[in-house]
Structure formats: structure tokens, C-alpha cells
Amino acid sequence: MTLELGSTMQILRPYPNILGFYDGRIPGVRAHSAAPNWLDDGAFTLGTCSYAIVEGDEALVYDTHMSIPHAQFIRRTLEAQGVTHMRVVLSHWHTDHVAGNAVFADCEIIANTLTARALRDNKDWLENNDPPIKPLIMPNSVFEAETELRVGSTIVQLRLLDIHSHDATVLLLPQLGVLLAGDTLEDTVTYVTQADRLSIHLQDLTRMESWGFSRILPNHGSVEMIASGGYDRTFITATRLYIQKLQRLKAEPELANLGLSDFAAESLATGGVFYFDAYEPVHRHNVEAVLALPG
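Just so it is clear, the model here is predicted, and its values are computed rather than measured. (Residues numbered from 1 in each chain as written. Predicted model: local features only at pLDDT ≥ 70, side-chain atom pairs only at ≥ 80, totals over all residues. Heavy atoms only, no water.)

Visitor: Explain the environment of Val 54 to me, please; I cannot follow it from the model alone.
Guide: Mapped onto the fold, Val 54 is located in strand E3 (residues 48–55). Overall, the relative accessible area of 14% leaves Val 54 in the buried class. Note: C-alpha distance between Val 54 and Pro 16 (38 residues apart in sequence) is 8.7 Å. The contacts of Val 54, once residues within four sequence positions are left out, are Asn 17, Leu 19, Ala 59, Leu 78, Val 83 and Val 151. (Helix = DSSP H or I, 4+ residues; strand = E, 2+ residues; numbered from the N terminus. Buried < 20%, exposed > 50% of the residue type's maximum accessible area, 1.4 Å probe, protein only. Contact = heavy atoms within 4.5 Å.)

Here it is in C-alpha cells:
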């Protein structure tokens, strides 16, 4: 069954000044088409949540979601709450995080230099994908290193990581002890897009772990966990254990035959992540990507 894009969006409020805009993880439902496509077979199937930090008439939107209708829903919701000044921060360059940029074309769209470059380099692919992101609206405000913004009295620190994608920007809210993690952490497992950088991912998970926060809000996770305030720091441990096991595949090829629940048994045992069957194809992709590495 295919429904109108954005018609199943849920508004979550994990914290008084943080809204989550969640869609997907609905059994038997597709949002774009019956044919294979990135929106249904990734973003919608796995569940996607974009966020907005709101204070008074200001809002900072963290990713513009998987389609124009989703982004329109976000903007309408914020405007109905009295927001008149919006800014956008992009977590990284992938489809389901930038597809709604056109709805915020009149706003400041902030990205790190790596994300801006990746969007330029992949513009033709993004605009001719299924569904196409056309026109792709580029960031109009770029930063080099970590930077800090304010939404009213709320401090938002933009920090760079190389996990899942080389260009990740996460948002640390030190007053709340909350990390908006983008795709650096996913429940059930990380989606490996750069298998040759797993060691770097592990280094940056350690760096993330040194920061001061207690709760984590990912872009792909359980709606119940996000709505209740997010995941605890065990999420990082679970992700590390999974990546470390991926690194063992070349030396222990028998691991490649395990399904997700068995392969990720140590991660699941931490209680930091939960088994979701839609991540079985993600896990298979990860295994194949690692085994395809030279050497």
C-alpha cells in the first residue's frame, strides 16, 4: 500500500523545546512507489526523524527530511507555533536529510565544508535519483570547524564526526545534556557507506563518548525511544561492538553467514539498541561492503 507523502508524519516532543518529526516504520506501507527506490527502501522503511529546536519565534531545523511534503509539514507546524525565524543545519549530504531543502530556500541553510562539497559533487546523482531531489538547494552558510549557535537562550554546538559518512555534523545541547546524532548512530545498526573508514569511525565514537551528554536522539531509530527522551550512552557501546565485529569478517569469514540478530548479539545484549527486521538488508549490505575491500 502506498500513501500520500507526509500523511503519516508524527510530531514528537522528547523535550519541551525539541520537536521530532517522525515518519516510517509502518508495516506494509510505502510512501513513494512500489518499485525499488531510496525513499521507501531506506528512509521510510527504517523510520526517519528530523528535529527542530524551538524557543520563542526562533527555530533551528536539523535536516529537512525525505521529501518536499515532509518539509512542508515541518514548516507549517513551526509557523503555526509562532515561529517566524528559521535556520536549517544539515547533518550530512545523503538523500533523506536534504530532500526538503527547497522548502527552506529562503532561510539560512548551514552545513560544514565537507557536506557542501559532497552536495556539489553528487548534485547530478541526487537530482536524477528515484525520487529525484530537483532542484537540489545547496547550503548558503558554510563553516569549517566546530561552531556554536543559539536558539533563544539554548546553546547548540555543531561538532564534526566521521561516522557513517565522512561529513557528519551532530548537535550537542550542553544545557540539556542531549546529542542530536544524525546518522552517526542508528538503531539497530549503523549503515556502512564508507567501509574503508571503519577504524576512523571507531576513533570518532571514542571522541563522541568523551563529550558531556546523557541522552541521544538519532535520525533513524524507534519512535517510542525518541518520544520518551532518546537513547542512553549504551547506544555508542552497541555501535562500537558491531563495527568491531565487521572488522573481523576477513579473518573470520564464517561470520558473514550470520543473520543480524546473531551477528549483532553482543550489541543487542547491551540494551543500547533493539532488533528491527528492516535492518537485515542493511546488515547484509554492510557485510558485503566490508568483504569487498581489497586485501
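Visitor: What is the right way to read helix H2 (residues 68–80) from this model?
Guide: Each full turn of the α-helix corresponds to 3.6 residues, which orients residues three or four apart in the same direction. The end-to-end C-alpha distance of H2, which contains 13 residues, comes to 18 Å, matching closely the 18 Å that a straight helix rising 1.5 Å per residue would cover. If you check which residues of H2 are buried, you get His 70, Ala 71, Phe 73, Ile 74, Arg 75, Thr 77 and Leu 78. Those residues of H2 hidden inside the fold are in contact with strand E1 (10–15), strand E2 (18–23), E3, strand E4 (58–62) and strand E5 (85–89). Of the residues trailing H2, Gly 82 is marked for its positive phi of about 95°. (Expected span 1.5 Å × (residues − 1).)

Visitor: How should the pattern of salt bridges be read in this particular structure?
Guide: Two side chains that carry opposite charge are able to pair once their charged atoms sit near each other. Under the criterion given, the structure shown has 12 salt bridges. Among the ionic pairs, Arg 75 bridges to Glu 79, the shortest N-O distance being 3.1 Å. Note that Arg 75 and Glu 79 are positioned in helix H2 at a spacing of four residues, about one turn of the helix. Arg 248 is the partner of Glu 252 in a salt bridge, and the nearest nitrogen-oxygen pair spans 2.8 Å. Residue class for Arg 248 comes out partly exposed when judged on its relative accessible area of 34%. By sharing partners, the salt bridges in this structure join Arg 30, Asp 40 and Asp 41 into a single network. (Salt bridge = Lys/Arg side-chain N within 4 Å of Asp/Glu carboxyl O.)

Visitor: How do you make sense of the packing of aromatic side chains when you look at a structure like this?
Guide: For any pair of aromatic rings, the description rests on two quantities: the centre-to-centre distance and the angle between the ring planes. A complete count under the given rule lists four aromatic pairs for this structure. Note on Phe 21 and Phe 73: the rings are 6.4 Å apart at their centroids and 80° apart in plane angle, and the pair reads as edge-to-face. Note that Phe 21 is positioned in strand E2 and Phe 73 in helix H2, a separation of 52 residues in sequence. Judged by its relative accessible area of 18%, Phe 73 falls in the buried class. Judged by centre distance (5.5 Å) and plane angle (70°), the ring pair of Tyr 242 and Phe 263 falls under edge-to-face. Note that Tyr 242 is positioned in helix H8 (residues 234–246) and Phe 263 in helix H9 (residues 260–263), a separation of 21 residues in sequence. Judged by relative accessible area, which is 1%, Phe 263 ranks as buried. Here the guanidinium or amino end of Arg 233 rests over the ring plane of Phe 213, the centre of that ring lying 4.7 Å away. Of note, Lys 245 hangs over the ring of Phe 263, and the distance from its end group to the ring centre comes to 5.4 Å. (Phe/Tyr/Trp six-rings, centres within 6.5 Å; stacked < 30°, edge-to-face > 60°. Lys NZ or Arg CZ within 6 Å of the ring centre and 35° of its normal.)

Visitor: Honestly, the sheet that holds strand E8 (residues 147–151) in this entry has me stumped. Any pointers?
Guide: Consider a sheet: its strands pair through backbone hydrogen bonds, and that pairing is either parallel or antiparallel. Sheet architecture is open: five strands sit in the order E8-E9-E10-E11-E12, paired in mixed fashion. If you trace the sheet from one side to the other, it starts and ends with E8 and strand E12 (215–218), each paired once. When strand polarity is set aside, the average angle formed by the axes of neighbouring strands in this sheet is 30°. Here four bridges tie strand E11 (residues 178–182) to E12, and the two strands are oriented parallel to one another. Paired with Leu 180 across the bridge in E12 is Leu 217. The strands touched by helix H6 (residues 198–209) are strand E9 (154–163) and E11; relative to E9, the strand with the most contacts, the crossing angle is about 155°. (Pairing = 2+ DSSP bridges. Axes fitted to C-alpha atoms, helices over the stretch in contact; angles between N-to-C directions.)

Visitor: Looking at this model, I keep getting lost on the sheet that holds E1. Mind explaining?
Guide: Here seven strands make up an open sheet; going across it, the order is E1-E2-E3-E4-E5-E6-E7 and the pairing mixed. Two strands in the sheet have a free side with no partner beyond their single neighbour: E1 and strand E7 (141–143). Neighbour to neighbour, the strand axes of the sheet diverge by 25° on average, direction disregarded. Examined bridge by bridge, strand E6 (residues 108–112) and E7 share three bridges and lie parallel to one another.

Visitor: Which parts of the structure should I look at to understand the pairing of E9?
Guide: Two faces, one strand: in a regular strand the side chains alternate between the faces of the sheet. For E9, the tally of buried residues reaches nine of 10 residues, placing the bulk of the element in the interior. Between E8 and the antiparallel strand that follows it, E9, lie two residues; Gly 152 among them carries a positive phi value of about 65°. When E9 meets strand E10 (residues 165–173), the two strands line up antiparallel, connected through six bridges. Bridge pairing in E10 places Leu 160 opposite Thr 169. In sequence, E9 turns back onto E10 through a hairpin of one residue, with His 164 there showing a positive phi of about 75°.

None of the figures reported here should be taken as evidence of function without further support.
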